[in-house]
Amino acid sequence: MVPITLYLALAAVLFCIGLYGVLTRRHLVIVLVSVELMLNAVNINLVAFSSIGPFANITGQVFSLFVITVAAAEAAVGLAILIALYRNRKSIDVIKQDLMRW
Amino acid sequence: MNGELIVFLILAILAISSALLVIVLKRIAHRVLSMTFTFFAVAGIYFLLRAEFIGIVQIMVYVGALSILFLFGMMMTDHKLASYTPGRSLAHQLASFVGVLTLLYLMLRGIFSLNVPSSQDISIGTADRIGIELYSNYVVAFEGAGILLLAALIGAIVLARKEAD
Amino acid sequence: MIEFAWLIPVFPLLAFVLLLLFGRILKERAAYVGIIALAASFGTSLGVLFERIGGEGYKYVVRWITFGEHTITMGYEVTALNAMMLIVVTTVSLLVHLFSKQYMHGDERFPVFYSYLALFSFSMLGLVLSPNILQLFIFWELVGVCSFLLVGFWYFKPEAAAAAKKAFLTTRIGDVGLFIGLVLTFIYMGSFEYETIFAAVQNGLVEDKMITIIALCIFLGAVGKSAQFPLHVWLPDAMEGPTPVSALIHAATMVAAGVYLVGVMYPLFLASSTAMTVVAYTGAITAIFAASIALVNTDIKRVLAYSTVSQLGFMMVALGTGGYVAGLFHLMTHAFFKALLFLGSGSVIYGMHHRQDIREMGGLWSKMKITAITFLIGTLAIAGVPPFAGFWSKEVILASVLDSNDPILFTIISITAAMTAFYMFRLFFKTFTGKYRGDDHLEAGEHHHEPHESPSVMTIPLIVLAILAIFAGFVNTPFSHALDHFLTEGLNVGEQAHGASWLVPYSIAIAVIGIFLAYLIYYKGTISENFFPNLAPGVHKVLLNKYYLDELYLAVFVRPVVNLGKVLWTIDRFIIDGIVNLTGYLTKGTGYVISRRHTGQLQTYGLVTIIGGLAVIALAFLLRVRGYFG
Amino acid sequence: MTAFNADWSLMTPEIVLAILALIVFTIDFTTGIRGKKPFIGVLSVISLLITIFLVIIFNQTPGTITHSFIVDPFAMLFKIVILIGVSLVIITSMSYLDKHKDIFHGEMYSLFLFAALGAILMVSSADLITLFVGLELLSISSYCLAGFRRSQAKSSEAALKYVILGGTASAFILYGMSFLYGLTGTTNLVTIGENMPVLYGHNQYLITMSLLFMIAGFGFKISIVPFHMWAPDVYEGAPTPVTGFLAVVSKVAGFGILLRILALGFGGIYKEWYFILAIIAALTMIVGNTVALLQTNIKRLMAYSGIAQAGYLLLPLAASLNLYISLNMIVYYAFAYVFMTLGAFAIISYVTDSAETEDISSFAGLYKRSPFLAHAMTVFLVSMAGLPLTAGFVGKVYIFLGVITSEMVWLAVIMIVTSTISFFYYFGIIKQMYMRAPIDESSTLKIPTSISLVVTISLIGTFGLAIFANFLMNYMNGLNWIVL
Amino acid sequence: MIPNVLSFLVFLPLVGALVILTIPNEHKNVIRTVAGITTLVALILSIFVWNNFTRGLTEMQFTENFKWIDLGFVSFNYELGVDGLSMPLLVLTTIVSFLAMVASVSIKERVKEYFIWMLILLTGMLGVFVALDMFLFFLFFELTLIPMFFIIGIWGGKEREYAAFKFLVYTGLGSALMIIAFFMMFYQGLKVGESTLNFLRLAEIYANPAYAAVITNTFKSGLFLLLFIAFAIKLPVFPFHTWLPDAHVQAPTAASMILAGVLLKMGAYGLLRVGFGILPDQAANFATLIAILGAMNIIYGALLALVQKDLKKLVAYSSISHMGIVLLGMASFTTAGVQGAIFQLVSHGFIAALLFFMVGAIYERTHTRMIEELGGLSKTMPILAGFLLAAVMASVGLPGMSGFISEFLAFTGIFWTSPDVIPAARTIAVIAALGIILTAAYLLWAMQRTTFGPLHQSHAHLEDARPIEFVPMVCLLGLVILIGVYPAILGDVINTTVIDIVSKIGG
């Protein structure tokens, strides 16, 4: 029987890796991937709580279902924007995306 | 019981390491691949948690759909960038690292301070239970999600559409 | 009749308004408006005087303002003193109006001049009629303004403009003293009404120290107005104004207001020996000081001006030594003969085509007889030769000084009297006797003007004044103290001194010495003009430069103040306002610094968000732990 | 009670709006993707108006569906604000779209409608899941809308920044929510709120953490410092009506939901978090107002001004007040904010388009080119600066009074001082309009009906709310805001 | 007896502005007339109020009151009323504004906007003087900022925009402090269960010893200091005065007239109404400070005026100097002093307006305000020069003109002050009295260099006063002299209120 804290810890780690990815990677696709990672971490939390949490019930898994849906939608939109941007700038280097500043 | 722990540790390590690979690898294809592994591992975690339905959804959506989507996205844009050295200034990377680490520390501290009895009986996340829950209490959200997907669809089409004609 | 006393100032006021509105139309006919108005006032005041001599007084007041439960009233009052003053003022004023008609002839601002004169007459008469000291102060200031206007009448002459400003400012200094004096009076005596004040003083409601302070403050006002040392500097400069103005304002009436003020407040002064001494010595110093300058000055009007200052000093001495009547008596006589002298000098200047330096004159006796004779009468009067008016008044002054048995004062006064006789006759001799020196000083292209006698409209006033200068003295002689009784009855001004019998010959002697010396130097020439200058060249130089007082004031008061202003302005602009602008810049600066974080790099944004978020939360909890937010 | 025997009439407005939105979309779909489609715009506005009407009808009586969907005055008022906002935005964009061929009209309108749907769904949901879905519906539509000028690099860039940071923010929110759920076993805010004090006793740290994660996430949506960094860029890049939409609708909706969570979920442990908001509010006002001083791009300037305004809106929450009074203030100011900001954006959208520059100088000499717009703009700016005879003034004074009565004088001082600073840039625009010569003297603007309509409505709103404030106030005073 | 006469009075200008809004730009004269008539009617109304104002009452008169915005725990009320303190200022406002309107004929471009702003400004100013509710007061107080910003910024001189912003933000900051103080005051009242924003009610509450435990003296003192600074900025008091020279100099003539004539008075009015009215004891405690600042203002302003090269700046600084007398009078806490302060408000209102008008008229002709570029103006424009001289004399405090009365009363007051209110009152007073000399010095010096002296060639042919210009000049001078000759006309209106204010200390 694995204690819930380990699951949560795993989630936390993944979340932070994702966050770090968002903050530092240059390749936009990877940045989007990192966002997905964060959402996955959230899911782990939800599922863990819903299975072996103090008040275990199914709601958490329903929640995670919605999260997955939204994540997918977000990824789709993100990539669409990515492509539109690529058309305009011929680059998906994050660092180059600073037409607007100050 | 220990077996479960071992499985968990394997999956966890797999997940974390492949997640790290997503960050550190050079070739973009490799990165997306390792991302897929991460998703797999996570799915495994779900099974470990007896959340079969979610696990399956995870595999279908993430491993199936999203990875492909990302690969497409990667192909439609240039992949030369992949060969770049990770170009953020060291200061930036360091700052991010410190920041994220602090955050992680705070989170873990909270997580390990958690003092609730984890319930022994594992509730099994079967499709029917989820379905009932979904259509009884969360029907509103469900409909909302439908619209959301439509909106995302429209948006994605409009944005990704070729400028021609 | 007496209840119509208010008409006396109103006539000139009407004239003023009339001239203000229609001056442009009236042109030189403006003179008649003024003359008629003054004549009317003169008539009325004669009537008032006779009734006052009949023994009745009159007072009428209306509420002026109420603050808290205090009420101040305004109105008019006829007393013995101001009945006398009314006559003096109206007479001289009327004559000056007449005189000016010719003297100012052809000046483009002729109507303006008359309107100013009218305004002055109004203010002066109002001053005289005031029932309380606040109202007196109000008119006091008004006459000051009139003097400012008239001195600066030829405003396009820089000297005139400067002189006007100087006159106003210098007197203003005194006025502030007076102002404070009034306020204190009101606070301690609860009223501005003379009776109330005097009653308060006599009943010892106010401690002596305060009485002294008040008296001195008020006296400061008098010092300013009556050009006493050290505030006398404005009067000589004021001679930049038209000569009739000098005669009216800076000889006969306004400058005497200071003396009049002391006279009016006399019981207050009497109550403080300190104040009396100060008055006496200020007067004495002024007298000899001015006289000494007059010895060497060569501008006919300025000599007269200094003599005025000196004579006012005499009056102060008199008042300071308890000679209430003496002072005011001299005030009256002086008004007449000094007006005479000024108008005389005016006539001379007119005859000399507006040249004023006595070194360019001489020998005018033959050329302008009436002027010369009347001028001589004036000179004799001021020199104190019996039976002319000046003699009598000066005699009483000496009497009261002697009575105060203060040897220093007595000597000063005696010497000054002698000096007076001397410089006046120096003036007379150099102007009217000897040969005409006008042509010696002709500049290139300037052709000879033959000096000529002035027309009758100018000489008639001279004659009238000459007569007054002769006979005015008889109202109060050692043999008949008419004025004495008239002024002092029902008034607590102390016992009036009536000098020892030897005073008459003594004062005559003094006068004669002065005259004789002048005769020797400037008529006979047995002593060279340069004898005394060579004797003590330093002194002569100092005297010529009026003791360098103007320069001193400039260096000690004017320049430092202006510089202080400049310094403060710099501070104001660069420090006080600087701070204001700096705050603005700092705010902008903050904005700039912050905005630089918006680099357009979304990952920077994320980073800032994370770090910032952590920081904010840390800060929040830190403050919480520190016990803020309860 | 399950969903099957619930009183669905409560949801009428949402359902109707959803249907109408779909109809609009279908019509657009059937009429081809290109070309002008003003009728679609009109349709959308009509459907929104219908929804407002329905909201007023059906949301009078409080009620709930399976505790996941609540109808209460709070929800109703926020819905009205939001719907009004969206309608104004759509009307504005009708004239905007005429000028910009590269935008697909129908889709834009549909997305606006979906976003509106998401927003109103969000503000009346008391369940984390419903709430989250609504939020994402709003957000995702906004991401797309921000990038709608596909030919413009700036637009795409804005969308990109928005989607990535927005996604991260969602992740934060969700992470926070996951703990909330885990520790209570329910996603229902009401239940959570009931257990909160006890829960806090046990897991103080985790609760605080989850709260902070949510504050961070929602803070991003309502762009408060330090979660505001994205706003200026996105506002600048997005099509102007969309900027208006972001500045008003998403912000107000975000406030609504933040309020809902804090009030319902964490109301019990109020003392444990208000001070954080206080500090955030202070920072927000300072940063927003000071940085705005230097802006030359009008949309960017409005972004910072919007940040500052968010600070003011946050104050009632930060100040430890009676909840209902805070709600009074926020709702009143929200109304004021909608009118003055959207009025301003309508003008900005039109003026910047006709000048083909977004620099403030595009307003130069506007008083000559179009007095009406100039005067109207003046009114809106004055209102935003919080000067008299406008709704902004009343609202600001009201909030200020509240802050004072909560004994947070330092906060009050910061508020009033920063809003004085804001005079600089608001009147800087006025300076351009009245004290600078127009770039070309001749050009007088022909104002399209749609713009003048929006401006007029906003003008009426801005003045009306001030002079007849009492109607709204009286109504709100009588309210039992939140049904528990 | 007109019902709600005050509301009519206050909002009439606003209506006028709306009317003008409907008139097309090119009908300049129509616009001018409408504006003029509106202001004239306002003037007549105010005089009507003045006449029906019952002397000798401490109560507010012509009161109006209804709940405007009810916030549950408090309500912003629409409460108007006048008493002896506000009555004269009300009339002052209408008079000066009307004359300013007349003086505005010199405005040639953007006439419509100009008059609209002027009228809105008038509403604001009138409102300030009649509002009894703190919120309302603040509203009108702030309202005056906007039009003045536009008027300075559009029709002003070279540095107009800088001046406009400085005025806006600086005085805006002042009102910010004010509203903080107001609401803290309200909140303390709320604590003792009295929810009101009404000045008079608050005065009662703060005077009530029963509440002393909650409304502590330290709190009151802090409050008063805050209020003082807030109003000091408007008044203005050294060192918060630096906005004034810029604003006054840059503003167009009419605006300068209003700025100096009315706007400054709002600060003093606020100080009297709120500071002295509600916190009399604290005011008394700070009396020394106020008196010192007053003396400082007098001397400082005078010294700076002495060295100004720009005639208008000189007048501006003279305004600062004259406001010092107001402070001095207030601080004395004697009937004489306070009445003197109010007299000074009114008299300076007229005199400053007149001076600024004269300066404006001269500038209009000579196109310079630099003193050394002027000179000998009496030659070419005797009438204007004459009026300028009269104005200067009034400003110097010549008896027979209103300035003297206020100076006299104020100084009597400060000399009268009991030592326990102000320890060194007399020293301060004597120092301040030197200011009188300085005033005479700088004004006469300016006269000597502008109207006197040799004529400046470039001004050989200048047109003298136009008929229209006689209206402001004669009216203002007439009023100055009227008050100077028969001060009771003003004194009787204020006296009772003054007694009331003074009686409050130590109560």
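Presented here is an overview of the structure given in this document. Note that the structure is predicted; figures quoted are calculated from it, not measured. (Residues numbered from 1 in each chain as written. Chains lettered and ligands numbered in written order. Predicted model: local features only at pLDDT ≥ 70, side-chain atom pairs only at ≥ 80, totals over all residues. Heavy atoms only, no water.)

1. Observations regarding the nonpolar core
In this structure, F427(D) and F182(E) are the most contacted members of the largest nonpolar core, which totals 810 residues. No other element matches helix 13 (residues 323–355) of chain D, which puts 22 residues into this core. Not counting residues up to four positions away in its chain, the partners in contact with F182(E) are M134(E), F137(E), F199(E), L227(E), F231(E) and V274(E). In this structure, V140(B), I65(D), F69(D) and V71(D) belong to the second largest nonpolar core, which totals nine residues. (Core = buried A, V, L, I, M, F, W, Y, C linked by side-chain atoms within 4.5 Å. Buried < 20%, exposed > 50% of the residue type's maximum accessible area, 1.4 Å probe, protein only. Helix = DSSP H or I, 4+ residues; strand = E, 2+ residues; numbered from the N terminus. Contact = heavy atoms within 4.5 Å.)

2. Remarks on the arrangement of the chains
For the eight pairs of chains in contact, the maximum contact count is reached by chains A and B. Contact between chain A and chain E is absent, and the minimum C-alpha spacing across the pair is 24 Å. With no contact formed, the shortest span from any C-alpha in chain B to any C-alpha in chain E equals 37 Å.

3. So, the pairing of strand 1 (residues 61–70) of chain E
Strand residues, when the strand is regular, have side chains that alternate between the two faces of the sheet. Relative to strand 2 (residues 75–82) of chain E, strand 1 of chain E is paired through seven bridges, and the arrangement is antiparallel. Looking at the pairing, I69(E) lines up with F76(E) of strand 2 of chain E. (Pairing = 2+ DSSP bridges.)

4. Some points on the interface of chain B and chain A
Often, the extent of an interface is quoted as the loss of accessible area upon association of its parts. At the interface, 81 residues of chain B touch 71 residues of chain A. Here chain B meets chain A over a buried area of about 6900 Å², counting both sides, of which 78% is carbon and sulfur. A per-residue breakdown of the area chain B buries against chain A is headed by I23(B), L49(B) and F70(B), which together make up 10% of the total. At the boundary of chain B with chain A, the tally comes to zero salt bridges. Applying the counting rule to chain B against chain A returns six residue pairs in polar contact (both at pLDDT 80 or more). The greatest single-element share of the side of chain B that touches chain A, amounting to twelve residues, is contributed by helix 3 (residues 52–76) of chain B. A per-class count over the side of chain B that touches chain A returns 58 nonpolar, 14 polar and nine charged. (Buried area = accessible area lost by both parts, 1.4 Å probe. Salt bridge = Lys/Arg side-chain N within 4 Å of Asp/Glu carboxyl O. Polar contact = N/O pair within 3.5 Å; in protein donor to acceptor, adjacent residues only side chain to side chain. Nonpolar A, V, L, I, M, F, W, Y, C, P; charged D, E, K, R; others polar.)

5. Some remarks on a nonpolar patch on the surface
Together, V17(C), L18(C), L20(C), L21(C), F22(C) and I25(C) make up an exposed nonpolar region whose accessible area comes to about 570 Å². Along the chain, L21(C) falls in helix 1 (residues 7–26). (Patch = residues over 30% accessible without salt bridge, like charges linked within 9 Å, V, L, I, M, F, W, Y side chains within 5 Å. Areas by Shrake-Rupley, 256 points an atom, 1.4 Å probe, with all protein chains shown as cover.)

6. Comments concerning the packing of helix 17 (residues 369–383) of chain C against helix 20 (residues 456–471) of chain C
All names here are of chain C. Two numbers describe how helix 17 lies on helix 20: the axes approach to 9 Å, and their chain directions differ by 30°. As the angle between them shows, helix 17 and helix 20 are arranged roughly parallel. Along this stretch, helix 17 crosses helix 20, giving a crossing that reads as left-handed. Taken together, the residues of helix 20 that come into contact with helix 17 (itself represented by I370, T371, T374, I377 and A381) are T459, L462, I463, A466, A469 and I470. Considered class by class, the residues forming the contact of helix 17 with helix 20 number eight nonpolar, three polar and no charged. (Axes fitted to C-alpha atoms, helices over the stretch in contact; angles between N-to-C directions. Parallel < 35°, antiparallel > 145°, perpendicular 65-115°, else oblique. Left-handed = near helix turned anticlockwise from the far one by under 90°.)

7. What to know about the packing of aromatic side chains
Taken as a whole, this structure holds 105 aromatic pairs over all chains when the rule is applied. Measuring from ring centre to ring centre gives 6.0 Å for F428(C) and F429(C), while their planes differ by 65°; the resulting arrangement is edge-to-face. Note on F428(C): relative accessible area 5%, which makes it buried. Between F149(E) and F165(E), the ring centres sit 5.1 Å apart and the planes meet at 85°, which makes this aromatic pair edge-to-face. Pair noted here: F149(E) is in helix 6 (residues 145–155) and F165(E) is in helix 7 (residues 160–191), with a separation of 16 residues, a long-range link. In terms of burial, F149(E) and F165(E) fall into one category: buried. Each member of the aromatic cluster is reached from another via a ring pair, and the members are F67(C), F137(C), F179(C), F186(C), F192(C), F404(E), F408(E), F411(E) and W416(E). One residue, R110(E), lies across the ring of W155(E), its end atom 6.0 Å from the ring centre. In this structure, R449(E) is placed above the aromatic ring of W445(E), and the distance from its NZ or CZ to the ring centre is 3.8 Å. (Phe/Tyr/Trp six-rings, centres within 6.5 Å; stacked < 30°, edge-to-face > 60°. Lys NZ or Arg CZ within 6 Å of the ring centre and 35° of its normal.)

8. Considerations on the pairing of strand 1 (residues 58–67) of chain C
Residue and element names in this part refer to chain C. By the bridge criterion, nine bridges tie strand 1 to strand 2 (residues 70–78) in an arrangement that is antiparallel. Residue I65 lies in a different strand from strand 2, and its bridge partner there is I72. Where strand 1 hands over to strand 2, the hairpin turn is made up of two residues, of which G68 adopts a positive phi near 60°.

9. Description of the side chain of H330(C)
Secondary-structure assignment places H330(C) in helix 15 (residues 324–351). Excluding residues that lie within four positions of it along the chain, H330(C) makes contacts with Q311(C), F314(C), M315(C), A335(C), F337(C), S393(C), K394(C) and I397(C).

10. What about the pattern of salt bridges?
Scanning the model with the defined rule gives 41 salt bridges over all chains in all. Across the pair E157(D) and K161(D) runs a salt bridge, and its minimum N-O distance is 2.7 Å. Of this pair, E157(D) and K161(D) are both found in helix 6 (residues 153–184), four residues apart, which corresponds to roughly one turn of the helix. Per residue, the accessibility class of E157(D) equals that of K161(D), and both read buried. A salt bridge links R436(D) to E161(E); its shortest N-O distance comes to 2.5 Å. Taken as a pair, R436(D) in the loop between helix 17 (409–435) and helix 18 (449–467) and E161(E) in helix 7 lie in two separate chains rather than in one. According to the relative accessible area criterion, E161(E) is buried, its value standing at 16%.

Shape is all these values report; function is a separate question.
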